[in-house]
Amino acid sequence: MHIEFKNISHSVKNRAIFSDLNAQVGTGKCLVVSGRSGCGKTLFFSIASDIIRPDSGQVVINGSAVNQMHAQDYAEFRRNLGVVFQLSGLISNLTLEENLMLPLNRHFKELDKGEKLRRVNSLAKEFSLQHYLAQRTEMLSSGQASLAGLARALLLKPKAVIWDAPMTEIDEQWGLYVLNLLVRLKEQGTTLILCSNRKEVINQLADEQLELNEMLCYSEL
Ligand SMILES: Nc1ncnc2c1ncn2[C@@H]1O[C@H](COP(=O)(O)OP(=O)(O)OP(=O)(O)O)[C@@H](O)[C@H]1O
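Residues numbered from 1 in each chain as written. Predicted model: local features only at pLDDT ≥ 70, side-chain atom pairs only at ≥ 80, totals over all residues. Heavy atoms only, no water.

**Q** Please give an account of the overall build of the protein that cites residues and values.
**A** Broken down by element type, the protein carries 8 helices and 9 strands. Relative to its length of 221 residues, the protein is compact, with a C-alpha radius of gyration of 17 Å against a globular reference of 17 Å. Principal axes of the C-alpha set define a box for the protein whose edges measure 50 × 40 × 35 Å. The buried share among the 221 residues of the protein stands at 49%. A separation of at least 24 residues holds for 71% of the contacts in the protein among residues at least 6 apart in sequence. If you sum the accessible surface of the protein, you get close to 11200 Å²; carbon and sulfur atoms cover 47% of it. The centroid of the 24 positive side-chain charges in the protein is displaced by 4 Å from the centroid of its 24 negative side-chain charges. (Helix = DSSP H or I, 4+ residues; strand = E, 2+ residues; numbered from the N terminus. Rg over C-alpha atoms; globule rule 2.2 N^0.38 Å. Buried < 20%, exposed > 50% of the residue type's maximum accessible area, 1.4 Å probe, protein only. Contact = heavy atoms within 4.5 Å. Areas by Shrake-Rupley, 256 points an atom, 1.4 Å probe, with all protein chains shown as cover. Lys, Arg positive; Asp, Glu negative; His and termini not counted. Charge placed at Lys NZ, Arg CZ, Asp CG, Glu CD.)

**Q** Quick rundown of the packing of helix 5 (residues 142-154) against helix 6 (residues 172-187)? Include the residues and the values.
**A** Interaxial distance between helix 5 and helix 6 falls to 12 Å at its minimum, and their mutual angle equals 20°. The angle between helix 5 and helix 6 falls in the class roughly parallel. Crossing hand, helix 5 versus helix 6: left-handed. For the pair helix 5 and helix 6, contact is made by L147, L150 and L154 and by W174, V178, L181 and L185, respectively. Residues of the contact of helix 5 with helix 6, tallied by class, amount to 7 nonpolar, no polar and no charged. (Axes fitted to C-alpha atoms, helices over the stretch in contact; angles between N-to-C directions. Parallel < 35°, antiparallel > 145°, perpendicular 65-115°, else oblique. Left-handed = near helix turned anticlockwise from the far one by under 90°. Nonpolar A, V, L, I, M, F, W, Y, C, P; charged D, E, K, R; others polar.)

**Q** Account for unusual backbone geometry, with residues named and values stated.
**A** One non-glycine residue, N14, adopts positive backbone phi at about 65°. Note on placement: N14 falls in the loop between strand 1 (3-12) and strand 2 (15-25). Phi at M167 is positive, roughly 75°, even though this residue is not glycine. Locating M167 in the fold gives a position in the loop between strand 7 (160-164) and helix 6.

**Q** Report on the environment of D171, specifying residues and quantitative values.
**A** Here D171 is to be found in the loop between strand 7 and helix 6. A distance of 3.1 Å separates the side chain of D171 from the backbone nitrogen of Q173, its partner in a polar contact. In this structure the side chain of D171 is engaged in a polar contact, spanning 2.8 Å, whose partner is the backbone nitrogen of W174. (Polar contact = N/O pair within 3.5 Å; in protein donor to acceptor, adjacent residues only side chain to side chain.)

**Q** Describe the sheet that holds strand 2, listing the residues and the values that go with them.
**A** Spatially, 4 strands are ordered 2-1-4-5 in an open sheet, and the strand pairing comes out antiparallel. The two strands at the open ends of the sheet, each matched to only one other strand, are strand 2 and strand 5 (64-65). Pairing geometry for strand 1 and strand 4 (residues 56-61), over 5 bridges, is antiparallel. Directly across from F5, in strand 4, lies its bridge partner V59. The strands touched by helix 1 (residues 41-48) within the sheet are strand 1, strand 2 and strand 4, with strand 1 carrying the most contacts at an inclination of about 125°. (Pairing = 2+ DSSP bridges.)

**Q** Explain the pattern of salt bridges residue by residue, including any values.
**A** Across all of its chains, the model carries 6 salt bridges by this definition. The salt bridge partner of R136 is E138, with a shortest N-O separation of 2.8 Å. Ionic pairing is found between D207 and K186, a salt bridge with its closest N-O pair at 2.8 Å. Pair noted here: D207 is in the loop between helix 7 (199-205) and strand 9 (208-211) and K186 is in helix 6, with a separation of 21 residues, a long-range link. Residue D207 is classed as partly exposed on the basis of its relative accessible area, which comes to 37%. Note on K186: relative accessible area 15%, which makes it buried. (Salt bridge = Lys/Arg side-chain N within 4 Å of Asp/Glu carboxyl O.)

This is the structure:
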């Protein structure tokens, strides 16, 4: 999936955070978005994953602007996008299995329940979470919740993964595993957008880098 950010401007409470920002990342490549705290990494993540629409400018997927897509193309774009939140985004009063089934039930209605459960079990096992499937996700540690957030995104076999602050909660061993996993995903053609200042993420994964300009943090409209 080729993703382009064209002339993005966005303000929060009358403060310009992005002003005419441009960036792009090709299929199987990784864009790392970095910058100091408060510069807008999470805001960029939200715009990239179409949680927030920018005040002006466009996010363009394989040549089609997200804000002009027909419903069917938009549904396909969403199905192809794996979104991983900084704080996992799991629903705490559902079990882990219920959380992991949500995107499959939403985007892969045609898959039978047995196949969905097989996918859920296999990814849970990959991240050593199989014993937690029947438990509510408030039982997970923050590192486990982070891995579960990643598992939930990967269940869709996405063509692009957008991850806010990857690896901040997980331990060193899992960090290495996840880094290698991200390298493999890239090799398989998955596009990555990672909002991170971590050196290992930048050194091992970045094909493109966007350093958010700290001056923008203080410019007033
Ligand atoms: N709901 C909000 N209300 C007011 N200001 C906000 C809101 N959300 C974000 N901001 C402002 O927008 C700017 C960008 O925030 P953002 O969370 O994207 O930064 P960040 O680079 O991800 O920071 P960090 O590295 O600390 O997570 C910040 O200056 C913040 O104060």
